[in-house]
Amino acid sequence: MPAQAWLRSIVRWALTATAIAWFAVGQAQPLTIGTMVEPKSMDPQLTALSSDLSYYRHVFDSLVMPDDRLRPRPGLAESWKVVSDTVYEFKLRRGVRFHDGATFDAQDVVYTLERLPKVPNGDGLTAGKLKPISRVEVVDPYTIRIHTSKPDSGILRALGQLFILPKGLGPNVTSDDFSSGKAAIGTGPFRFVSWKRSDNMQLARNDAWWGGKPDFTKVTFRFIPNSASRVAALQAGDVDMIDFVPPLDVPRLSRDPKISIFKAAAARVIYLELDTLRDVAPGVTDLTGKPLDRNPFKDVRVRRAISHAIDRKLIVSRVLEGMGEPATQLMPQGFGGYNDSLKVPAFDPALSRKLLAEAGYPEGFAMTLGCTNDRYVNDTSFCQAIGQMLARVGIKVAVDAMPGNVYFPKFNQAAFGAYILGWGNSSGDASSVLTSVVHSPDRAAGRGSWNHNYSNTTLDALIDEALGTVDETRREALYAKAMAKVMEDAAIIPLHAQLVIVATRKGLVYTPAADEATLAHNVRARKN
Amino acid sequence: MVKLIVGRILQGFGVLAAVSLIAFVGIYAIGDPTSLLIDPQSTQHEVEQVRRNLGLDQPLWRQYVLFVRSLAAGDFGRSFATHEPAMRMILERLPATLELALAAITLAIVVGIPAGLAAGTHPGSRLDRIVMTVSILGFSLPTFWVGLMLILVFAVNLGWLPSFGRGEVGSWLGIHSSLFTLDGLRHILLPALNLALFPMALVARLTRSGAREALQLDFVRFARAKGVAEHRVVFVHILKYIAVPIVTMIGMQLGLLVAFAIVTESVFSWPGTGKLLIESIGRLDRPVVVAYLLVIVSIFVVLNLLTDLVYLVLDPRVRFAAASQSE
């Protein structure tokens, strides 16, 4: 063979080898996610903040796992049944191993539940939700029965936040052990590798995961809290995916041929609440600034007038650039207890003016609207839009916008007469919003913890009944009934649901989760 | 001399006490952080328990006394949010901030002093006008905006440099820093430049005005008359004369860069203390904010002292004054 041909074949060989190597690397490509939130700890029992839960879901599994629309689906429990009003029976998945090789069985569930209330500095939240559990009965290594002290419909969804730990960790494991990685051992789709504070967290694929292999062998979360920087990092190609894309950037990003956008309705609904409890609502006066002789929000006609004066569709299309959905109720569609018969309250300023006149305010009045300026998507802007819409029916609105860290302590002191809030609906059904936002405040029973301004005994009875109903169909019918009543009373006025918006480089496909969790196992490499 | 050092250190403690008290009262005035730290769906009982755990159920003065008492034992308290020791959280992130500040001040000196000298020794020239104009931009453009523009141009459009974060950390003589790796240097260039713009402009202007002033002075005229080479006049005689104010300024700027790297750190997601401070303020995480302020004030106190000492070396007049004082 002449020298030239030799050379040619060597070159061809080299090229082929490179191509094969490149292909192999392409398959094992790591995934880098630019994320807004850094977890506070990797101890899944320390806090139940939703931002931290999304990290736990990578390393740990729960018995029951929420799907993209937050419906309970089998996790480490393959199936379950209701034995009686106070007993659930779970069949556990066989052949599951923890990342350290230990085999999963019923004793791990017992260990996990025992540690839960004893975590030092824990917020006790998941423990609180699981408090109705009176006893865990181990029938055999793969069957457990959970007994509750009274009928409780929330247990199944609450178990979705109970991340199963291996009993081998022992009684003295600390939160620091989890955060250092020593004890961050679960059965989840990824193994914990490292966590550099304020910088990044690295995970490696658990090839033996029972739920199927994720597409990426290595995943790095990089913490980029600044939204503009996050977007730039994706455009520069430094990360493969970013979460919490600012809605204003969506039109620009969708024109970029190198980027794909994925959206879904988030569980978070933004609402306007009016103080109907006190005789004088803070910030509510007549048009000249003098106090009124009674609180106008106590009159249901005034509340309905306000609801009908707000053009929700306009807010979504203009203020949110289309990145939202007008709300019909305090929950997005598809969640347990969603009432299909409810419509978006009609935008009807003439009706509003008529209602106000009937209520004795033909000239209107003035109010202050409490509002965050860094918490929800374009919060200050939609508050101002609401102010202008209300001005058209005669209600003079002063928007008082402030950062969340000032706003929420004020809210807890009931300092506002009218204000904006968003509810995450992380339970995936109506239970959380009805219990915490709508139910009258009852601290001892853990009801109405986010309600300072509203009380309706008929609704309270309805909600209590639903919470104690284990049968799903009957319970959801009760929720739907309660939702209709909330809308009729118009003291808590839903505005719109936010969207979960995620952007990736071309070639990836992402399935957004309604609770805004950013999950690496929901990312797929597009097969061509 | 010893008196000066001891006096400065005592002063420093006074400032530390005042700052911790102000931070304490300030954050207390904003409100109760409990509502930001826990899930909205918790019950009142759970809220009370969290407040008790964090010691927030105590009156303010008692909280402060408890804080000072544990401070005396070297304990800065634990973060409300992560429950980690506040000082550890800061010290973990401090190297990143320090290396960013050092890189920025080096850039500022390396670019600012030659530019200032060149402009100052050629007053009215085109070069002078360019330096003056650019330095105005360096003062007045908001750091936030410049940072984003740097990212857009160099990372997004040109793709030369990474858009955010700290690079690989190398070690040299037992010091760990991203300044020792190529990847680290690539990462630090944009944020350091962003942070350097302000002090660079300041150094350039100060050098320029100092040099202009020095040109008129007798010793410069004498050196020239004597036939000393121009570069020697500029780089030895003039530079030495104007060094004192520039050193003071650089000393103070270094402190400011460490303290106010906040904006640059957030724009470039630099894992330093500034990013930590912003997040901690956002969730009213008092132990971390107070510990941060104490660290920063300590740095200022030390830098102040060092600046004074460098003065002594550079300016014989100060040296003699200090010597006669301590006698």
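The rules we used
Residues numbered from 1 in each chain as written. Chains lettered and ligands numbered in written order. Predicted model: local features only at pLDDT ≥ 70, side-chain atom pairs only at ≥ 80, totals over all residues. pLDDT = per-residue confidence, 0-100. Helix = DSSP H or I, 4+ residues; strand = E, 2+ residues; numbered from the N terminus. Contact = placed C-beta atoms within 7 Å. Nonpolar A, V, L, I, M, F, W, Y, C, P; charged D, E, K, R; others polar. Axes fitted to C-alpha atoms, helices over the stretch in contact; angles between N-to-C directions. Parallel < 35°, antiparallel > 145°, perpendicular 65-115°, else oblique. Left-handed = near helix turned anticlockwise from the far one by under 90°. Core = buried A, V, L, I, M, F, W, Y, C linked by C-beta atoms within 7 Å. Buried ≥ 20, exposed ≤ 12 C-beta atoms within 10 Å, placed from the backbone. Pairing = 2+ DSSP bridges. Right-handed = clockwise from strand over helix to strand, strands pointing away.

A. Focus on the confidence of the model for chain B. Residues and elements named next belong to chain B. In the predicted model, chain B carries a mean pLDDT of 83, and 94% of its residues have values of at least 70. Within chain B, no element has a lower average pLDDT than helix α14 (residues 316–326), which sits at 65, and none a higher one than helix α5 (residues 86–121), at 90. For this predicted complex, the interface score ipTM comes out at 0.75, alongside a pTM of 0.81.

B. Fine view of the interface of chain A and chain B. Chain A puts 38 residues into the contact, and the matching count from chain B is 44 residues. At the level of secondary structure, the elements contributing two or more residues to the side of chain A that touches chain B comprise α4 (125–129), β10 (218–223), α7 (227–235), α13 (404–412) and α14 (431–438) of chain A. No other element matches α13 of chain A, which puts 6 residues into the side of chain A that touches chain B. A class-by-class count of the residues in the side of chain A that touches chain B yields 14 nonpolar, 15 polar and 9 charged.

C. Looking closely at the packing of helix α9 (residues 218–226) of chain B against helix α10 (residues 230–259) of chain B. All names here are of chain B. For the pair α9 and α10, interaxial distance at closest approach is 11 Å and the crossing angle is 150°. It follows from the interaxial angle that α9 and α10 lie roughly antiparallel. Read as a crossing pair, α9 and α10 show a hand that is right-handed. Here Phe-219, Val-220, Ala-223 and Arg-224 of α9 lie close against α10, whose contacting residues are Val-233, His-237 and Ile-238. Its residues assigned to classes, the contact of α9 with α10 shows 5 nonpolar, 1 polar and 1 charged.

D. Local environment of the nonpolar core. Of all hydrophobic cores here, the largest spans 212 residues; its most connected members are Tyr-271 and Ala-482 of chain A together with Leu-100, Ala-104 and Ala-291 of chain B. By residue number, the principal contributor to this core is helix α8 (residues 182–215) of chain B, which donates 16 residues. If sequence neighbours within four positions are ignored, Ala-291 of chain B has contacts with Phe-76, Ala-86, Met-87 and Ile-90 of chain B. Membership of the second largest hydrophobic core comes to 5 residues, among which are Val-47, Leu-54, Phe-80 and Ala-81 of chain B.

E. Structural context of the confidence of the model for chain A. Residues and elements named next belong to chain A. Counting all residues, the mean pLDDT for chain A is 88, and 94% of those residues have values of 70 or more. Mean pLDDT per element in chain A: helix α1 (residues 3–27) is the minimum at 53, and strand β11 (residues 241–242) is the maximum at 96. Taken together, the stretch residues 19–26 has pLDDT below 50 and engages in 0 contacts with residues farther than four places along the chain or on a different chain.

F. Examining the pairing of strand β14 (residues 366–372) of chain A more closely. All names here are of chain A. In terms of burial, β14 is largely enclosed, as 6 of its 7 residues are buried. Two elements, β14 and strand β15 (residues 396–402), share 7 bridges in a ladder whose sense is parallel. Pairing of Gly-370 across the sheet is with Asp-400, part of β15. Handedness of the crossover joining β14 and β15 through helix α12 (residues 379–391) is recorded here as right-handed.

G. How the structure looks around unusual backbone geometry. Residue and element names in this part refer to chain A. Of note in the backbone geometry, Ser-198 takes a positive phi value of approximately 65° without being a glycine. Tracing the sequence through the fold places Ser-198 in the loop between β8 (190–196) and β9 (200–205). For Ser-198, a count of 23 C-beta atoms within 10 Å corresponds to the buried category.

H. Fine view of helix α2 (residues 50–59) of chain A. Residue and element names in this part refer to chain A. Burial runs high along α2: 8 of the 10 residues are buried. If you check which residues of α2 are buried, you get Asp-52, Leu-53, Ser-54, Tyr-55, Tyr-56, Arg-57, His-58 and Val-59. Those residues of α2 that are buried are in contact with β8 and β9.

I. Molecular detail of the packing of α5 of chain B against helix α6 (residues 126–140) of chain B. Residue and element names in this part refer to chain B. Here α5 crosses α6 at 135°, and the two axes come no closer than 8 Å. On the basis of their axis angle, the class for α5 and α6 is oblique. Helix-helix and strand crossings are classified by hand; for α5 and α6 the assignment is left-handed. Between α5 and α6, the contacting residues are Ala-115, Ala-118 and Ala-119 on the first element and Leu-127, Asp-128, Val-131 and Met-132 on the second. Grouping the constituent residues of the contact of α5 with α6 by class yields 6 nonpolar, no polar and 1 charged.

J. Main features of the pairing of strand β4 (residues 77–84) of chain A. Residue and element names in this part refer to chain A. Alignment of β4 against strand β5 (residues 87–92), held across 6 bridges, turns out to be antiparallel. Bridge pairing in β5 links Val-82 to Tyr-88. Linking two consecutive strands that pair antiparallel, namely β4 and β5, is a turn of 2 residues.

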